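# Coordinate analysis (summary)
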Amino acid sequence: MSRRATRHPTIFTLQRCLRTAALPALAAAVVAFTLAMWTEPMVASAAAATGARAPWLSLPIFVCAFSCVVTTVLFWPLLAARRPGADWLRRLQRGPLHGCGAALSGALLASLLVCAPLCTVYAAALGAPSIARTHTLVPAPAEPLLSARRPQLHFALAAPLLGNELRLRPLASLPEGPLRASRVRVMADGAPLATTTAEFDQTGQIVRIPFVSRTISALELVLEDGTVPLFFPTGSVELIGASEQSGLANGLFLALLAQIPLFVALAFACLAGAVAALPTVLAVAVGVLFVMTVGGEGPLTAALQGRLQGHWLLTTSVFRQCVPSLLLGSTAMIGAMMLRRRSRR
Amino acid sequence: MATAISVQQLAVSFRTRQGSVAALQPLDLELGAGRIIGILGPNGSGKTTLLRVLAGLQTPTSGRVQLLDRQANDPALRRLVAFQPDGPLPLGVLSAPEFLAYVGAQLGLPNAVSDARAQAWLERLELQHAGRRWVRTFSSGMQKRLALAAALLGEPSILLLDEPTSGLDPIGSGVVMQILRERAAAGMTILMASHHLLEVEEICDEVLVLQGGVLRARGTLAELLGTDADSLVVRGLDHDQLQQLAQAATALGGEVLRTERQRDHLFALFRRLANEPVRGQPK
């Protein structure tokens, strides 16, 4: 006979989900990796653009989450209405959700265990760097157009940051006269950031400006020469932090973030299951999961790309992206509790 | 005799698209401890609804329900009152010992106690050979026996059973009946809904008959069926001899209720065959 821990619904669900999710996720990873390697020569400069491989990383994660959702909804009878055996669990399990929360935790734990190697080892195989740095998007000024008429733009950082690289990726307008690449000098807190200037003659062109580590609280872009007006919206100026973080830790944090779609999907299953039967609950849960992974809603898509590009994910901006999804899932759980309490009457 | 179950003006109605449907009309009951009470009635008569209300799974529309002097939804009753619903068991991918271990843990039993009781019940109900097989691969009879083991694991004071022997073969049914008799003798109150009239007749001290959510009759078998009478079953007499025997019985003050040609019961045949070894196989 088993120990007490192994008699808990969380453990049962964990074991069940591991059995059903691990192999399909592994198979999906093998297929995705093969396809990634096969299609790479078709993509120009793919070796440098590791972020472009994010779909190949998202595939096994989606397969894992899908398996966990289906397994959990089928395994725990109270996640859908009118399932055989539900009365047993309603009497045995304490709490307003009668064990649905425990089953959900088990599914999340199982998915985390499967996603951890995917987000660390498999992501590294796809080209994710072994170190990660903080990437801070510098907020744009009110009128972010740099041109002959407005040759200076001032960017203020929310807080001083220690960095050693700046990335500029402006949008270019039609030249105001004969085409001559715009040369931009970057000043940080009143002093030049680098000895050279950055040159832009087309839209979306990325220029990296490495510099000796220093703390920066304000940036100034000065147009020195050229006829191409440059538009710098938020996201086009990125300051790279100087401190190096572990890529492994970054992968593990991504594995945590990858649980958010699963949490929201199962929370909605819990809500729907208070009144709806199994087919409806499955449709709702898989639908939510699809929207939040393949559909790109929620924080996962950006996080996958960030991991492959070496962006440190443990930042307030990533957390801010997670808040709406977490709030949505929590609201669904609270709704499920209220609905279940009501439907007993 | 102490009262185990007390029901006053209990009514349950369900809202449907067509309007409100009364599953139970106002019902009053006082059921004593240590008795086996059978609930009879056609489908939809309110048997399961009554059991679900007593198990705290259905909130009544009106009325008061008390079990062991507590409200039906009192959390303390989770262990004192066990309910075996009809239908398959949940968590079908667990083995029988795993399922019982889970039930024991949820009832707050210490692991050693839970495991010892589970082992004993599995052996008594002849499920020890099921091993690591998933519960969902069990036959319905095996599931019924496991369900009874789960219901008895916490040694409840009140046992609510919904069709406890449906799907069981006569031998298994006999084992279940024997266990229920023993538990009742030990002081457990057992309330069972069943369509097996012979079993109810055999085991129950008292019978409730529900129809359309209304309690149509209640009482002991003697009260409901008349007093017990000794009977004589004869074999080997021809028609004339039987007539003479009937006249003699009447002359002695007896009443001949009926004469009929009767075969042996199927149950007797089944039991006899079950005890005989199959040709070519050791029993």
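## Looking at the overall build of chain A
- Looking only at helices and strands, chain A has 9 helices and 12 strands in total.
- For chain A, the spread of C-alpha atoms along the three principal axes comes to 80 × 45 × 35 Å.
- Evaluated residue by residue, chain A yields a buried proportion of 44% over its 345 residues.

## Brief notes about the environment of S6 of chain B
All names here are of chain B.
- Tracing the sequence through the fold places S6 in strand β1 (residues 3-16).
- Judged by the 16 C-beta atoms lying within 10 Å of it, S6 falls in the partly exposed class.
- The sequence separation of S6 and Q25 amounts to 19 residues, and the corresponding C-alpha distance is 16 Å.
- Sequence-distant contacts of S6, defined by excluding residues within four places in its chain, comprise E30 and Q66.

## Quick word on the sheet that holds strand β4 (residues 62-67) of chain B
Residues and elements named next belong to chain B.
- The antiparallel open sheet is built from 4 strands, whose spatial order is β2-β1-β4-β5. At either margin of the open sheet sits one strand with a lone partner, and together these are β2 (19-32) and β5 (70-71).
- As paired elements, β1 and β2 share 10 bridges and run antiparallel to each other. The residue bridging I5 from the neighbouring strand is L31, located in β2.
- Its contacts with the sheet put helix α1 (residues 47-54) on β1, β2 and β4, and the angle it makes with β1 is roughly 120 degrees.

## Remarks on the environment of S213 of chain A
All names here are of chain A.
- Summarising the element assignment, S213 is placed in strand β9 (residues 207-225).
- With 11 C-beta atoms counted inside 10 Å, the residue S213 sits in the exposed group.
- On a C-alpha basis, the gap between S213 and S243 in space is 9.2 Å, while along the polypeptide they are 30 residues apart.
- Setting aside its immediate chain neighbours within four residues, S213 contacts L162, N164 and A242.

## What about the packing of helix α1 (residues 9-39) of chain A against helix α4 (residues 100-125) of chain A?
All names here are of chain A.
- At their nearest, the axes of α1 and α4 sit 7 Å apart, and the two run at 25 degrees to each other. In terms of axis orientation, α1 runs roughly parallel to α4. Considering the relative orientation of α1 and α4, their crossing is right-handed.
- A breakdown of the residues in the contact of α1 with α4 according to their chemical character gives 21 nonpolar, 5 polar and no charged.

## Some points on the interface of chain A and chain B
- Of the residues lining the interface, 22 residues belong to chain A; the matching set on chain B comes to 22 residues.
- Of all the secondary structure elements, the ones that give two or more residues to the side of chain A that touches chain B are α1 and α3 (86-92) of chain A.
- Ranked by the residues each element gives to the side of chain A that touches chain B, the list is headed by α3 of chain A, at 7 residues.
- Of the residues belonging to the side of chain A that touches chain B, the class tally is 9 nonpolar, 4 polar and 9 charged.

## Focus: the domain arrangement of chain A
- Assigned domains of chain A: these are domain 1 (4-131 + 247-343) and domain 2 (147-243).
- For domain 1 of chain A and domain 2 of chain A, the distance between their C-alpha centroids amounts to 39 Å.

## Regarding the packing of α4 of chain A against helix α6 (residues 259-273) of chain A
All names here are of chain A.
- Where α4 contacts α6, the two axes come as close as 10 Å, and the packing angle between them is 155 degrees. The orientation of α4 with respect to α6, classified from their angle, is roughly antiparallel. The handedness of the crossing between α4 and α6 is right-handed. Along the contact surface, α4 presents C100, L104, A107, L108, S111 and L112, while α6 presents Q259, L262, F263, L266 and C270.

Cut-offs applied
- Residues numbered from 1 in each chain as written.
- Chains lettered and ligands numbered in written order.
- Predicted model: local features only at pLDDT ≥ 70, side-chain atom pairs only at ≥ 80, totals over all residues.
- Helix = DSSP H or I, 4+ residues; strand = E, 2+ residues; numbered from the N terminus.
- Buried ≥ 20, exposed ≤ 12 C-beta atoms within 10 Å, placed from the backbone.
- Contact = placed C-beta atoms within 7 Å.
- Pairing = 2+ DSSP bridges.
- Axes fitted to C-alpha atoms, helices over the stretch in contact; angles between N-to-C directions.
- Parallel < 35°, antiparallel > 145°, perpendicular 65-115°, else oblique.
- Left-handed = near helix turned anticlockwise from the far one by under 90°.
- Nonpolar A, V, L, I, M, F, W, Y, C, P; charged D, E, K, R; others polar.
- Domains from an automatic or database assignment.

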